Amino acid sequence: QVQLVESGGGVVQAGGSLTLSCVASIDIRFSLNDMCWYRQAPGRQRELVAAISSGGTTNYTDSVKGRFTISLNNAKNTAYLQMNSLKPEDTAVYYCHVDVLSTWNRGYSNWGQGTQVTVSS
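Residues numbered from 1 in each chain as written. Predicted model: local features only at pLDDT ≥ 70, side-chain atom pairs only at ≥ 80, totals over all residues. Heavy atoms only, no water.

Enquirer: Could you clarify how one ought to interpret the nonpolar core in this entry?
Expert: Core analysis: the largest hydrophobic core is formed by 32 residues, its most contacted members being Met35, Trp37, Phe68, Leu81, Met83, Tyr94 and Val100. Counting residues per element, the ones that place at least two in this core are β1 (2–7), β3 (18–26), β4 (30–40), β5 (47–53), β7 (68–73), β8 (78–83), β9 (92–102) and β11 (115–120). (Core = buried A, V, L, I, M, F, W, Y, C linked by side-chain atoms within 4.5 Å. Buried < 20%, exposed > 50% of the residue type's maximum accessible area, 1.4 Å probe, protein only. Helix = DSSP H or I, 4+ residues; strand = E, 2+ residues; numbered from the N terminus.)

Okay, structure coming up:
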């Protein structure tokens with residue numbers, strides 16, 4: 001139904017920037033509701049970082065407000081996470097997550113494979 005391909009992770013020094021991309025291949029029977037970025041650091045629970053609805057409404061976890069920006073290209077079903085002023089505590093595996101609605105009015109969720117972001121001090 002939905003396939004997600006993430007890219008853009010890597011190693012960066014503190015204060016640097018990275019942009020993550022998530023391309024969603026969505027079957028014609030489904031429509032996009034929202035796309036989100038989660039992250040999971042070693043020994044910690046997965047947390048929501050940023051979310052954007054198909055209408056463009058965004059929200060962010062407090063720790064990234066003012067530093068991260070999520071955006072969505074609806075025509076390409078692609079979400080981006082622009083990360084600026086990165087800190088060592090941003091180090092984690094970042095996962096793309098998408099919610100879609102089927103033509104039979106049922107919601108589905110899908111996860112990407114994750115991309116590693118490492119911020120060195």
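Enquirer: Would you mind showing me how to read the sheet that holds β8 here?
Expert: Through backbone hydrogen bonds, the strands of a sheet pair up, either in parallel or in antiparallel fashion. Strand order in the open sheet made by the 4 strands is β1-β3-β8-β7, with antiparallel pairing throughout. Single-partner strands in this sheet number two, and they are β1 and β7. Between one strand and the next, the sheet's axes are offset by a mean angle of 15°, whatever the strand orientation. Sheet analysis places β7 next to β8, joined by 6 bridges and oriented antiparallel. Within β8, the position partnered with Ser71 by the bridge is Tyr80. (Pairing = 2+ DSSP bridges. Axes fitted to C-alpha atoms, helices over the stretch in contact; angles between N-to-C directions.)

Note that every value here comes from positions in space, so none of it alone points to a role or purpose.
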